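Overview (structure and organization)
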Amino acid sequence: GPGWLDFPGGKGPGAGKTVVLLAGDEEYRSEESMPMLARILAERHGFHAIVLFSHDDGVINPNNGASLGKPEALDGADALVLGLRFRKWNEATLAKFDAAVKRGVPIVGTRTSTHAFAGIPKESAFVSYNWNAKGGFGKNVLGETWISHWGNHKGEATRTAVESGAEKHPVLNGVDIAYGDTDVYEAYPPADAKVLLRGVVLKDMDPKSPPSARPRIAVGMRRSA
């Protein structure tokens, strides 16, 4: 349909459950990754998976921060997967999203979802979702908003390090060391958060390189540790 994809569920542990994946960012191509993840969830695990896009009359447009295809799908979501950045949906769409949050559906937020919302007008009932409204949705729901970048963009990559004591956590079952050719975010998760992986900034773009030795620079700018 215009603005969304629908992957019927099948057999598996997710049978009878609906996962709604929200794609809406201008940087990290969630409009490509979310459909791939949705198909895996449907075909391998049995979930009914629906992907909602930012779009212009059915044509995917990540830059249209005010758009979300088929927001009514949020009403039946059993879980949400977010790939969002600086969205400013209308009141009706925000109300459906807010209702899903308040009924306690599990939420997985990726990358820029820490700052999922921006520009929601001050007269809106959901202005507190803006990332710069005391941390907004990111801080109050996911546990952190955007603070700063660590690493010289396109000059220093990132490698994961498993947090001590998390080696046998079920979420990490089958997970190897991950490499990303991007910098990482600074974060101060709440005390009750369970940290599984941390990002180690490397001295260059080689996945096997040692950590960067550059000194820190001011908060709010790209930096490395």
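Structure report, in brief. (Residues numbered from 1 in each chain as written. Predicted model: local features only at pLDDT ≥ 70, side-chain atom pairs only at ≥ 80, totals over all residues. Heavy atoms only, no water.)

Thoughts on the sheet that holds strand β12 (residues 197-201)
How we decide: If DSSP finds at least two bridges between two strands, the strands pair. Labels follow the DSSP assignment, with helices taken as runs of H or I lasting at least four residues and strands as runs of E lasting at least two, numbered in each case from the N terminus.
Reading across from one edge, β10-β9-β12 is the order of the three strands in this open sheet, with antiparallel pairing throughout. Only two strands of the sheet have a single partner each, and these edge strands are β10 (179-180) and β12. Sheet analysis places strand β9 (residues 158-162) next to β12, joined by five bridges and oriented antiparallel. Each bridged residue has a counterpart across the sheet, and for A161 the counterpart in β12 is R198.

Side note on the packing of aromatic side chains
The line we're drawing: Stacked, tilted and edge-to-face are the three classes applied to pairs of Phe, Tyr and Trp rings, where Trp contributes its six-membered ring and a pair requires centres within 6.5 Å; stacked means planes under 30 degrees apart, edge-to-face means over 60, and tilted covers the rest. Three exposure classes are used, based on accessible area relative to the maximum for each residue type with a 1.4 Å probe and protein chains only: buried under 20%, partly exposed in between, and exposed over 50%. Our definition puts a charge over a ring when NZ of Lys or CZ of Arg is within 6 Å of the ring centre and also within 35 degrees of the ring normal.
Applying the stated criterion across every chain, the model contains 11 aromatic pairs. With 6.0 Å between their ring centres and 85° between their planes, F97 and Y129 make a pair best called edge-to-face. Taken together, the residues F97 in helix α2 (residues 91-102) and Y129 in the loop between β7 (107-109) and α3 (136-142) connect sequence positions 32 residues apart. Its relative accessible area of 0% is what places F97 among the buried residues. Under the relative-accessibility criterion, Y129 is labelled buried at 9%. Note on F126 and Y129: the rings are 6.4 Å apart at their centroids and 40° apart in plane angle, and the pair reads as tilted. The same class applies to F126 as to Y129, namely buried. Aromatic rings pair up to connect W89, F97, F117, F126, Y129 and F137 into one cluster. Positioned above the aromatic ring of Y185, the side-chain terminus of R111 is 4.5 Å from the ring centre.

Description of the environment of E43
Quick reminder of the rule: Definition of a polar contact: a pair of N or O atoms within 3.5 Å, with one able to donate and the other able to accept a hydrogen when the atoms are protein atoms, and with sequence-neighbouring residues admitted only if both atoms are side-chain atoms.
By the element assignment, E43 lies in helix α1 (residues 30-45). For E43, a relative accessible area of 54% gives the class exposed. Residues E43 and P8 lie 35 residues apart in sequence; the distance between their C-alpha atoms is 8.3 Å. At a separation of 2.8 Å, a polar atom in the side chain of E43 contacts the side chain of R39.

Spatial relationships are all this shows, so hold off on functional conclusions.
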